[in-house]
Amino acid sequence: MANLFNEEELQILKNEHFTTNFDSETMKNILQEIKNFKVRETDVIVAGYPRCGTTWTQEMVWLIANDLNFEKAKIFIDERFPNLEVIGFNMKQNPAITIPEYYSDSIKFIERMTDPRFYKTHVKPSLLPDQILTGQVKPKMIYVHRDVKDACLSSYHYLKNVVKLYDGPLENYYKHYILKDGLLGNFWESVLYFWKRRHEENVLFITYEEMKNDLLEVVRRVATFLDKKLTGKQEIELSKWLEFKNCQNNPALNHNDIYKQSGFIRLGKIGQYTKEMSPEIIEKLDSWSKQCVEGSDYDYLN
């Protein structure tokens, strides 16, 4: 997709660097561990590109699967529902502080979890565990998708203001977003892989916008997918718990203690990009997206 930008723009991007905690050899080892990870049929996996509502989805999935155990849900979400690829997570804390294993060695932590195990992943499809890619094991997988422009904007604010891994302007960041590869890969590579699999028995494809517009309906779909039955009262109780403002104020979800500041769960609005992105950025993201989905049955912008 480099044809979306001229040589001068590409050169500027090459001179910008993101802060990273991993060298190439460490990353190679992490990717191999993920590929070799032993999946179980009883696993429940939430997948999605970063900043598309995976944490919100995790909480919904975990509570439905655990019969609305709100007391146990007070345990931090990353402990109940760890991220598969967060191996050797560097919190840049005082060395005297012990980093929990669900960050320092997420794979070993998940391996010891009792069934059913709940975990999430952001990795690009080609880096998923081999057992998933080959179809040897078919865990339940819930994929959450979001408008690419809102996802890009949210990612920018997260990297710039929360984890402080990028300090450039939005006008440059969206170009990095389009050209991104590595562990996460391309946004549309992730979406289209699960979009094509959305009719498979072990895959459920939902969207952030559906959750914002009709959360109760999504709760019902997820419950059905997980073979769970909720009463009308339980559906309302869960929907109330999952209201965005409640998630922002929930210490088990908002990550304020991890990052020592707010902003992990940001605004939660649909179409926020229209207020913060220039028409040029929007046009480029739309043009790129149309190129990416061409030849698929994904109808972008409709």
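Residues numbered from 1 in each chain as written. Predicted model: local features only at pLDDT ≥ 70, side-chain atom pairs only at ≥ 80, totals over all residues. Heavy atoms only, no water.

A closer look at the sheet that holds strand E3 (residues 140-145)
This is how the line gets drawn: Strands pair, by our definition, only if DSSP identifies at least two bridges between them. A run of H or I in DSSP counts as a helix once it spans at least four residues, and a run of E counts as a strand once it spans at least two, with each numbered from the N terminus. All axes are obtained by fitting lines to C-alpha atoms, using only the stretch in contact for helices, and the reported angles, taken between N-to-C directions, cover 0 to 180 degrees. Residue contacts follow a heavy-atom distance rule, with two residues in contact if any of their heavy atoms lie within 4.5 Å.
In space, the 4 strands of this open sheet follow the order E2-E1-E3-E4, with parallel pairing throughout. Each edge of the open sheet carries a strand with a single partner, namely strand E2 (118-121) and strand E4 (203-207). Strand after strand, the sheet turns through a mean of 20° between neighbouring axes, direction not considered. Alignment of strand E1 (residues 44-47) against E2, held across 4 bridges, turns out to be parallel. Looking across to E2, one finds that Val-44 is bridged to Phe-118. Helix H12 (residues 215-225) contacts E3 and E4 of the sheet and is inclined by roughly 170° relative to E4.

Overview of the pairing of E4
To keep things clear, this is the line we draw: When a residue's accessible area, from a 1.4 Å probe over protein chains only, is under 20% of the maximum for its type it is buried; when over 50% it is exposed; and in between it is partly exposed.
Among the 5 residues that make up E4, 5 are buried, leaving the element largely enclosed by the rest of the structure. On E4, burial covers both faces: Val-203, Phe-205 and Thr-207 on one face and Leu-204 and Ile-206 on the other are all buried. Across 5 bridges, the pairing between E3 and E4 is parallel. Paired with Val-144 across the bridge in E4 is Ile-206.

Re unusual backbone geometry
In most cases, non-glycine residues show a negative phi, while peptide bonds are predominantly trans. The peptide bond linking Asp-115 to Pro-116 adopts the cis configuration, its omega dihedral lying at -5°. Look at Asp-67: it is not a glycine, yet its phi comes out positive at around 55°. Following the sequence through the fold, Asp-67 ends up in the loop between helix H3 (54-65) and helix H4 (77-80). A positive phi is found at Lys-164, a non-glycine position, where the angle reads about 55°. Assignment of secondary structure puts Lys-164 in the loop between helix H8 (148-162) and helix H9 (170-179).

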